Amino acid sequence: MSGVVLATASADLEQRVHRATGGTARCLPPGPLPVDPAHLFRQLADGPRPGVVMLDDSVGAPGQALALADLLQRQCPDIAVVLVSDAGEEIALPAMRAGVRDVLDPAAEESHIRWVLDRAGHLVRHAHAFAASGASAAGAEEDRRDGRVIGVVSPKGGVGKTTVATNLAVGLAQKTSSPTVLVDLDVQFGDVASALNLDPEHSLLETVQGPATRDTMVLKTFLTQHASGLYVICGPPTPAAADNVTGPDVSRLLEMLASEFAYVVVDTAPGLSEHTLAALDRSTDLVLMTSMDVPGVRGLRKELDILGELGMIPDRHQVVLNMADRRSGLTTADVEATIRTGVDLVLPRSKAVPTSVNQGIPLLQNGVRDPMTKQLRRLVEHFAYSGAPTAPTAPAVRAVTAEVRAPMQAPTAVAPRPVPVAVMSKGPEPASAVAKNSAPKRPALKRTSVIGRHRARARARWAR
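Note that the structure is a prediction, hence the values are computed from the model and not measured. (Residues numbered from 1 in each chain as written. Predicted model: local features only at pLDDT ≥ 70, side-chain atom pairs only at ≥ 80, totals over all residues. Heavy atoms only, no water.)

Another aspect to go through is the pairing of strand β12 (residues 317–324). Strand residues, when the strand is regular, have side chains that alternate between the two faces of the sheet. Of all eight residues making up β12, seven are buried, and the element is well covered by its neighbours. Pairing of strand β11 (residues 285–291) with β12 involves six bridges; the strand directions are parallel. Directly across from L288, in β12, lies its bridge partner V319. With helix α13 (residues 294–310) bridging β11 and its parallel neighbour β12, the resulting β-α-β unit is right-handed. (Buried < 20%, exposed > 50% of the residue type's maximum accessible area, 1.4 Å probe, protein only. Helix = DSSP H or I, 4+ residues; strand = E, 2+ residues; numbered from the N terminus. Pairing = 2+ DSSP bridges. Right-handed = clockwise from strand over helix to strand, strands pointing away.)

Moving on to the sheet that holds strand β4 (residues 80–84). The strand order across the open sheet formed by five strands is β2-β1-β3-β4-β5, and the pairing between neighbours is parallel. Where the open sheet ends on each side, the last strands, each with one partner, are β2 (26–27) and β5 (102–104). The pairing of strand β3 (residues 52–56) with β4 spans five bridges and is parallel. Within β4, the position partnered with M54 by the bridge is V82. Across the sheet, helix α3 (residues 64–75) is in contact with β3 and β4; its angle to β4 comes to roughly 170 degrees. (Contact = heavy atoms within 4.5 Å. Axes fitted to C-alpha atoms, helices over the stretch in contact; angles between N-to-C directions.)

This part covers the environment of I361. Along the chain, the position of I361 falls in the loop between α15 (352–359) and α16 (363–366). Here I361 falls in the partly exposed class, since its relative accessible area comes to 30%. Residues I361 and N167, spaced 194 residues apart in sequence, show a C-alpha to C-alpha distance of 9.3 Å.

On to α15. The complete set of buried residues in α15 reads A352, V353 and S356. The buried residues of α15 occupy an angular sector of 95 degrees when the element is viewed end-on, so they sit on one face. Residues of α15 that are buried make contact with α7 (161–176), α16 and α17 (371–385). (Arc of directions from axis to C-beta.)

Here strand β1 (residues 4–7) shows a buried face lined by V4 and L6 and a second buried face lined by V5 and A7. In this sheet, β3 lies alongside β1 in parallel orientation, the contact comprising four bridges. Bridge assignment links A7 to a residue of β3, and that residue is L55. The handedness of the β1 to β2 crossover, carried by helix α1 (residues 11–20), is right-handed.

Moving on to unusual backbone geometry. Peptide bonds are mostly trans, and most non-glycine residues show a negative phi. The phi dihedral of S177 is positive, around 55 degrees, even though this residue is not glycine. With respect to the secondary-structure elements, S177 resides in the loop between α7 and β7 (180–185). One non-glycine residue with positive phi stands out, namely R340, at about 60 degrees. With respect to the helices and strands, R340 occurs in the loop between α14 (332–339) and β13 (345–348).

Once that is clear, we can look at the sheet that holds strand β8 (residues 224–225). The mixed open sheet is built from eight strands, whose spatial order is β8-β9-β7-β10-β6-β11-β12-β13. The outermost strands of the open sheet, each flanked by one partner alone, are β8 and β13. Taken strand by strand, α7 contacts β6 (148–153), β7, β10 (263–268), β11 and β13, and its axis lies near 170 degrees from that of β10. Against the sheet, helix α11 (residues 247–258) makes contact with β6, β7, β9 (231–233) and β10, and its axis sits at roughly 170 degrees relative to β7, the strand it touches most.

The contact between α13 and α14 brings their axes to 9 Å, and the two run at 35 degrees. Regarding α13 and α14, the two cross each other, and that crossing is right-handed. Contacts from V297, L300, R301 and L304 of α13 reach α14 at V335, T338 and I339. Across the contact of α13 with α14, the residue classes break down as five nonpolar, one polar and one charged. (Left-handed = near helix turned anticlockwise from the far one by under 90°. Nonpolar A, V, L, I, M, F, W, Y, C, P; charged D, E, K, R; others polar.)

Attention now moves to helix α12 (residues 274–282). Taken together, the buried positions of α12 are occupied by H275, T276, A278, A279 and L280. If you follow the buried residues of α12, they end up packed against β6, β7, α11, β10, β11 and α13.

Any functional reading would require information that these geometric values do not contain.
As C-alpha cells, then:
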C-alpha cells in the first residue's frame, strides 16, 4: 500500500485508519488543514512523499478540504486524494471536479477503509505506468476510432459563424441522436452561451485545467446541457481569461472530446490565432465561411491560400457563402472566381436570423419555416449522412488544396454572353433570321447590361 497521510480531528477515525494500513499511516499535527501542498509537506517534516492523502471534510472551514484537494491534483497529480465526508451524494460531484479519487464515510469499517486506500494507490500506480508507456499509448490512440471534429472557421467576424455553428450542432444532436458537443473557442468574446440562451456554471477554463484534463468522466461534469440534448463548453466569462488557455490545452481538450462524442463542433474565433490553428490541426472536417461582400470574400481567399500552404485543409470541407443577396451586386460565380474553388452551400439573407439570435433559440430548434432553415438542414444532412471520419470525401465536397496552393491572381473577368447583332442586308431576311435578330430588343438584355456594368466595377475593385 502506498504511503498514507491522514488529516483529521477524530481519534476514532485515526485508529481505524492506523489499523487498516498496518500502522504505516501518518497523521498531520492537530489543527486546521494546510492551505496548500507546500504547507502540507512542511507539516510532514521532510518525511517520504505520500501516495494517498486522506482529508477529513469536518476539519477547518466548509469547502477547505475540497480546495486543498483541487490544489493537490493541480500541483501533485501523482498523489491520490480521498475525502472523508458524511455529505453523501451532495458532495460527490464537487469532489469529482476537484480530482478526489473516492469519498469515504467517517463511520466506515476497517475493511472498507483498506479497500478504498488500496484502490486509490492502484490508480496512482496505473497512472504512472500509463505515462511511462508513452509510445505504446500513442499507438493505441491511433487505432481507436474517434468522433468527427468539425471546425467552423472564417477570417473575419460578423459573417454568421456562431449562428451556423450553433445550428449545425443542434441539428446533429437532434437528427442523429448521437452524443454531440459544441465548443466555444472564441476565448475572448465567445457568445455561444447567449446564442443558445444558456447560463453556464462552468466555462472553457475549467475543462483545460485541473483533473478534467486527465479524466473524461470529470471533464463531462463541466459541460452544460442544452434543451436539444446538445452538450456545450461555453467561452470564458472575461477576455482576460484567454491568457490561461494555450494551443496545447485546446489540442488535448478536442482529443478527449473526440474519444467520447460522435460529433465535436468547434466555433472558432475570427482569424488564425494559436487556438484556431490548434483546432484546425485536430479537425477532421471544416466549414469555411464568408459573407457576400468584397472584404469577406477576399479574406477567405487569403485564408485558403495560407491553410493550403500549411496543409491544414482536410479532404472533407464545405465552403459556405452566408448572407447571399441578389441586390448586393455580387453573384456566386463572382465569389467562386475570387476564391478559386466552388461554393458548396449558399445561405440566403433572412429576417428570421436576428430574431433567432436575440431570443437565443436556433432556427433548427424552433423549426421556423424559412429558406435559411432549409439550407441549414442541408448542411446538417451532409455531416449526418457522410459517414465516419475515415470515410471517403462526399461527392458534394470539392477539393481546394491543390488550387489554393497556386499563386493567387486577380480574378479572371467572366466574358459577357454574346448579344446577337442584326446583319444588315439589302434583301429580305428569312423568318428564322428575323426572329433571332429581334432578341436584342427584349427588355431582359437591358437589365443584363446594367448588372454587367455593376459586376465590372466590382471586379475592378478586386484587381486593385
